[in-house]
Amino acid sequence: MPRVWVSIGSNIDRENNIRGALTELRHSFGDVIVSPVYETPAVGFCGDAFFNLVVGFDTELPPARLHQLMREIEARHGRERSSPKFSSRTLDLDLLTYGDAVTNEGGKVLPRDEITRYAFVLAPLVDVAGDELHPELRETYRSLWERMSMENKEGLQQLDDPAWLFKTG
């Protein structure tokens, strides 16, 4: 059964939307591996800071169905798709990897290029899967992090106590 990694981000009602997404993912997939949470400035537009994290779980659902499921969860949390690509959002769920697959099943290329482009994706991925190999580059996520420029890492701050993630209700 493939292990998948999903990035989660929000800059609108961040705690509630991320907690809600985690609840839905746990309901659908059971045990979910959860990275630390990072706060980062908005990229590509002026807006409130984002909370970002990565979660992992094992599933037999194909990538196309997982992409669809992520969009459904986003919609239930008020995600508006009519907004510009770089804009504030209640919830952003992106399937990053699907086991070792290199594919575009479901209309999205996997592994996602955001892994190597954005520190707010790579840092939490390193926290939970640092020794795993990037499916296409065949390098560990940790080595990719070490090579990422300091400029890309600016403004990234790990939260000390994201206990709110695990509150229910």
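For the structure given in this document, a descriptive report is provided here. (Residues numbered from 1 in each chain as written. Predicted model: local features only at pLDDT ≥ 70, side-chain atom pairs only at ≥ 80, totals over all residues. Heavy atoms only, no water.)

### Regarding the layout of surface pockets
Empty space among the atoms can be located by rolling a probe the size of a water molecule over them. What the largest pocket holds in volume is close to 650 Å³. Lining the largest pocket are 32 residues, and of these R89, D92, D94, R112 and E114 lie nearest its centre. Class assignment for the residues of the lining of the largest pocket results in 13 nonpolar, 6 polar and 13 charged. For the second largest pocket, the calculated volume is near 160 Å³. As for the second largest pocket, its lining consists of T40, P41, V43, R117, Y118, A119, F120, E151, N152, K153, E154 and L156. Counting only elements with at least two residues in the lining of the second largest pocket, the list comes to α4 (119–129) and α6 (150–153). For the lining of the second largest pocket, the element with the most residues is α6, which contributes 3 residues. (1 Å grid on protein atoms, 1.4 Å probe; cavity = no way out; pocket = protein on both sides within 12 Å on 5 of 7 lines; lining within 4 Å. Points joined across faces, edges and corners; volume = space filled by probe spheres on them. Nonpolar A, V, L, I, M, F, W, Y, C, P; charged D, E, K, R; others polar. Helix = DSSP H or I, 4+ residues; strand = E, 2+ residues; numbered from the N terminus.)

### Quick look at the packing of aromatic side chains
In this structure the tally under the stated criterion is 2 aromatic pairs. Judged by centre distance (4.0 Å) and plane angle (20°), the rings of F29 and F57 are stacked. Of this pair, F29 sits in helix α1 (residues 14–29) while F57 sits in strand β4 (residues 50–58), and the two are 28 residues apart along the sequence. Judged by relative accessible area, F29 falls into the buried class, the value being 14%. On the basis of relative accessible area, F57 is assigned to the buried category, the value being 1%. Judged by centre distance (5.0 Å) and plane angle (20°), the rings of Y118 and F120 are stacked. The class for Y118 is buried, based on a relative accessible area of 17%. The ring centre of F51 lies 3.6 Å from the NZ or CZ of R14, which sits over that ring. Here K153 stacks its cationic end above the ring of W145, 4.2 Å away from the centre of that ring. (Phe/Tyr/Trp six-rings, centres within 6.5 Å; stacked < 30°, edge-to-face > 60°. Buried < 20%, exposed > 50% of the residue type's maximum accessible area, 1.4 Å probe, protein only. Lys NZ or Arg CZ within 6 Å of the ring centre and 35° of its normal.)

### Focus: unusual backbone geometry
Here the bond from L110 into P111 is cis, since omega is -5°, no more than 30 degrees from zero. Position of P111 among the secondary structure elements: in the loop between β5 (92–98) and α3 (114–117). One non-glycine residue with positive phi stands out, namely D13, at about 45°. The backbone of R138 sits at a positive phi, close to 60°, despite the residue not being glycine. In this fold, R138 is placed in the loop between α4 and α5 (141–147).

### Thoughts on the pairing of strand β1 (residues 3–10)
Side chains on a regular strand alternate between the two faces of the sheet. Burial of β1 is extensive: 7 of the 8 residues sit out of reach of the surface. The sheet contact formed by β1 and β4 spans 8 bridges and is antiparallel. Looking at β4, one finds that V6 is bridged to V55. Relative to β5, β1 is paired through 6 bridges, and the arrangement is antiparallel. Each bridged residue has a counterpart across the sheet, and for V4 the counterpart in β5 is Y98. (Pairing = 2+ DSSP bridges.)

### Here we look at helix α2 (residues 63–76)
Taking 1.5 Å of rise per residue, 14 residues should cover 20 Å, and α2 covers 20 Å from first to last C-alpha, within 8% of that figure. Inspection of α2 places P63, L66, H67, L69, M70, I73 and E74 among the buried residues, and these make up the whole buried set. On an axial view of α2, the arc spanned by its buried residues comes to 165°, and they lie on one face. The exposed residues of α2 that point more than 90 degrees off its buried face are A75 and R76. (Expected span 1.5 Å × (residues − 1). Arc of directions from axis to C-beta.)

### Quick look at the environment of T59
In this fold, T59 is placed in the loop between β4 and α2. On the basis of relative accessibility, which here comes to 4%, the residue T59 falls in the buried class. Those residues in contact with T59 that lie beyond four places of it in its chain are M1, P2, V4, F29, L66 and Y98. There is a polar contact of 3.0 Å between the side chain of T59 and the backbone nitrogen of L61. (Contact = heavy atoms within 4.5 Å. Polar contact = N/O pair within 3.5 Å; in protein donor to acceptor, adjacent residues only side chain to side chain.)

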